[in-house]
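# Fold and geometry: a report
Listed here are the chains, written in short residue letters.
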Number of protein chains: 2
Amino acid sequence: MPKSAPENLKLFWEGLGDVRQAVDRRLDRWLPKPSDPPARLPQAMRYSVFAGGKRIRPILAVLACRAVGGTDQAAMPAACSIECIHTYSLIHDDLPAMDDDDFRRGKPSSHKAFDEATAILAGDALLTFAFELLTAKISKPTIAARLVSELASASGWAGMVGGQMADVLAEGAAPNEHELRFIHQRKTAALIRAALRCGAISGGADADQHAALTTYAQKVGLAFQITDDILDVTATSEDIGKTTGKDRASKKLTFPAVLGIEKSRAEAEDLVVGASAALKQFGPAAEPLRNLAEFIVVRTS
Amino acid sequence: MPKSAPENLKLFWEGLGDVRQAVDRRLDRWLPKPSDPPARLPQAMRYSVFAGGKRIRPILAVLACRAVGGTDQAAMPAACSIECIHTYSLIHDDLPAMDDDDFRRGKPSSHKAFDEATAILAGDALLTFAFELLTAKISKPTIAARLVSELASASGWAGMVGGQMADVLAEGAAPNEHELRFIHQRKTAALIRAALRCGAISGGADADQHAALTTYAQKVGLAFQITDDILDVTATSEDIGKTTGKDRASKKLTFPAVLGIEKSRAEAEDLVVGASAALKQFGPAAEPLRNLAEFIVVRTS
């Protein structure tokens, strides 16, 4: 919870506790049980899913679904599926051959709590489970197929995995704004965009609503990653639960490294203003999404 | 190509060359181009997909589709998707933290030809691409959603990934037939079963056809893995393009280790007889599937 965030945003974020709990209850119910054989695999899947994530992506999916008049229940399969994909990406990114991070959300990362083989397989299983969930828990095939398509393209070679590959390749490269934007659009923004679009699809959005939420999503996704980059420079490890200063140490392409902290902060704030403006047609129904966009850039963890 | 296989099976296998080529042409057309950024990722995906696989799973999907009166074209999305999943599993299984294999199909494995980070990401991207492909290339959402469901459950925690986890955990364990069957049903048989069921779904199988092909698939899948285990003991590395004798060296649970070679061979042959018998209702339309079942146990690579 952000210490420096304005009071109204803190209250808003706390108010989302029930959505967070609803998502956690569904994940607990839908994920394989810790005793399902081979038990080590479901245990590793659950360890990382329940390691204290903020659930921003599922919350975005639920809020998008609400904004177009859908129920929270309708958004749950997509919301949980996206959190499984997000968690798998963290497990694989933390591996020694990738970012080599021993901590995640303040706890040992999967390959430290278990071992490398288990971490690789737990990631693979969570990614696969995300797609199983969409088809198992959504009765309308037209909706299920659209969600699979949306999530697979956002998280695959042209989305999240591609961003991660470009990120690995860019380590130590000279600052390059074009490359930086290529990476950030894919590595983080693509899945955040998908979270909102999947929420909209689950809630039965019409074409105009879908387009507006996509514009919002694009901007919020980038603002989120810029803020992550800034937090890596300014926050303490205790605040964000993983080693800070790692981006600079490993010579990652980040917004602060390429544009400087002030310009980065200004861009994130502009993006939030643009994101809120994109939701004009929704009126007060989009107030939670506007608050969440603001929260994303003022958070301190 | 099997040296010791009877002449008719050799001819049959060669006659499948056009299916193999059709699958390869589709994979080439549908996979991201080698120049698509970040180029290293599509290059690594394509390197492993086109590293000389036998394409047994896509062929099974096409033959199942034909047996129920479907066109080859109808089977192609599922066939290619399954090959992408199979290839991803090989890339991840070969990683140093898993089976640590430097060669696959006679060529350097992905983490040797590229590096570990690229191999992890190429596997992730191929798995994700499999689901993207199903929704992008199949116009009927009911079919697409059924295929996603089938493939995700066959390759996830309760299927292939679970089998791989159990396999890793069983290394060095005392011979245990129950555990052996648990592993083999999941590690290999589940995806082979899915290949046939997906071919059947793609071709519009009715419930009886689907059930018969499932029985056939169950038996052929297990026969395939038993044969793999036997080949690891009896074949040369040159024949099968990867290090042989590795199972024994790493104390894996295999059929020869638990039941002995002769009993293993007898079980594989029984399974093939049972598999062929399950296809009675199809008459001559299932002749290719009967031949393929026989081929699977007499192959020498």
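These figures come from a predicted structure and were not determined experimentally. (Residues numbered from 1 in each chain as written. Chains lettered and ligands numbered in written order. Predicted model: local features only at pLDDT ≥ 70, side-chain atom pairs only at ≥ 80, totals over all residues.)

Once that is clear, we can look at the overall build of chain A. Of the regular secondary structure elements, chain A holds 16 helices and 2 strands. On C-alpha atoms alone, chain A measures out to a radius of gyration of 18 Å, which is about the 19 Å that the 2.2 N^0.38 rule sets for 301 residues. In terms of overall dimensions, chain A has C-alpha extents of about 50 × 45 × 35 Å along its principal axes. Nonlocal contacts in chain A, meaning residues at least 24 apart in sequence, comprise 72% of its contacts between residues at least 6 apart. (Helix = DSSP H or I, 4+ residues; strand = E, 2+ residues; numbered from the N terminus. Rg over C-alpha atoms; globule rule 2.2 N^0.38 Å. Contact = placed C-beta atoms within 7 Å.)

The pair of chain copies shares a relation made of a rotation about an axis and a shift along it. When chain A is fitted to chain B, the best match, at an RMSD of 0.0 Å, comes from turning it 180 degrees and sliding it 0.0 Å along the axis. Here the symmetry operator amounts to a two-fold rotation axis. Here 100% of the contact residues of chain A are again contact residues in chain B; the copies associate through an equivalent surface. (Least-squares fit on C-alpha atoms with pLDDT ≥ 70 in both.)

We now examine helix α7 (residues 116-137) of chain B. Between the first and last C-alpha of α7(B) there are 31 Å, a value that for 22 residues agrees with the 32 Å anticipated at 1.5 Å per step. With 19 of 22 residues buried, α7(B) lies mostly within the body of the structure. (Expected span 1.5 Å × (residues − 1). Buried ≥ 20, exposed ≤ 12 C-beta atoms within 10 Å, placed from the backbone.)

All right, on to unusual backbone geometry then. Residues and elements named next belong to chain A. Backbone torsion omega between Pro37 and Pro38 reads -5 degrees, so that peptide bond is classified as cis. By the secondary structure assignment, Pro38 is in the loop between α2 (17-30) and α3 (40-49). One non-glycine residue with positive phi stands out, namely Arg105, at about 50 degrees. Mapped onto the secondary structure, Arg105 falls in the loop between β1 (103-104) and β2 (107-108). Owing to 15 C-beta atoms within 10 Å, Arg105 belongs among the partly exposed residues under this scheme.

Right, let's talk about the packing of helix α5 (residues 72-93) of chain B against helix α8 (residues 141-155) of chain B for a bit. All names here are of chain B. Between α5 and α8, the least distance of the axes is 12 Å, while the angle of their chain directions is 20 degrees. Comparing the axis directions of α5 and α8 gives the class roughly parallel. In this structure, α5 crosses over α8, and the sense of that crossing is right-handed. Of the residues in α8, those touching α5 at Ala78, Ser81, Ile82 and Ile85 are Leu147, Leu151 and Ser155. (Axes fitted to C-alpha atoms, helices over the stretch in contact; angles between N-to-C directions. Parallel < 35°, antiparallel > 145°, perpendicular 65-115°, else oblique. Left-handed = near helix turned anticlockwise from the far one by under 90°.)

Tallying the contact residues gives 41 residues for chain A and 41 residues for chain B. Contributing elements (two or more residues each) for the side of chain A that touches chain B: α3, α7 (116-137), α8 (141-155) and α9 (160-170) of chain A. Of the residues that constitute the side of chain A that touches chain B, the class distribution is 27 nonpolar, 10 polar and 4 charged. (Nonpolar A, V, L, I, M, F, W, Y, C, P; charged D, E, K, R; others polar.)

Residues Ala61(A), Ala223(A), Ala61(B) and Ala223(B) are the most contacted members of the largest nonpolar core, which totals 202 residues. In this view, Ala223(B) contacts Ala268(B), Leu271(B), Val272(B), Ala293(B), Ile296(B) and Val297(B); residues no more than four positions away in its chain are not counted. (Core = buried A, V, L, I, M, F, W, Y, C linked by C-beta atoms within 7 Å.)

This paragraph deals with the environment of Ala152(A). Looking at where Ala152(A) falls in the secondary structure, it is placed in helix α8. Spatially, the C-alpha atoms of Ala152(A) and Ala130(A) are 9.7 Å apart, while their sequence positions differ by 22 residues. Setting aside chain neighbours within four positions, we find Ala152(A) in contact with Thr128(B), Phe131(B), Glu132(B) and Thr135(B).

On to the packing of α8(A) against helix α10 (residues 177-202) of chain A, then. Residue and element names in this part refer to chain A. Direction vectors running N to C along α8 and α10 enclose 175 degrees, while the axes themselves pass 9 Å from each other. By the criterion of interaxial angle, the relationship of α8 to α10 is roughly antiparallel. Of α10, the residues touching α8 (which contributes Ile143, Arg146, Leu147, Glu150, Leu151, Ala154 and Ser155) are Ala190, Leu191, Arg193, Ala194, Arg197, Cys198, Ile201 and Ser202. Class assignment for the residues of the contact of α8 with α10 results in 9 nonpolar, 2 polar and 4 charged.

Of all residues in chain A, 97% attain a pLDDT of 70 or more, and the chain-wide mean is 94. Model confidence for the complex is summarised by a pTM of 0.96, with the ipTM given as 0.96. (pLDDT = per-residue confidence, 0-100.)

Turning to the environment of Leu41(B), a few remarks are in order. Within the element layout of this structure, Leu41(B) appears in helix α3 (residues 40-49). What makes Leu41(B) buried here is the crowd of 29 C-beta atoms within 10 Å. Placed 82 residues apart in sequence, Leu41(B) and Gly123(B) show a C-alpha to C-alpha distance of 9.7 Å. Residues within four places of Leu41(B) in sequence aside, it is in contact with Trp157(A), Val161(A), Gly162(A), Met165(A), Leu121(B), Ala122(B) and Ala125(B).

Another point: the environment of Glu177(B). All names here are of chain B. Position of Glu177 relative to the elements: it lies in helix α10 (residues 177-202). Judged by the 11 C-beta atoms lying within 10 Å of it, Glu177 falls in the exposed class. The spacing of Glu177 and Gly70 is 107 residues in sequence and 39 Å in space, taken between C-alpha atoms.

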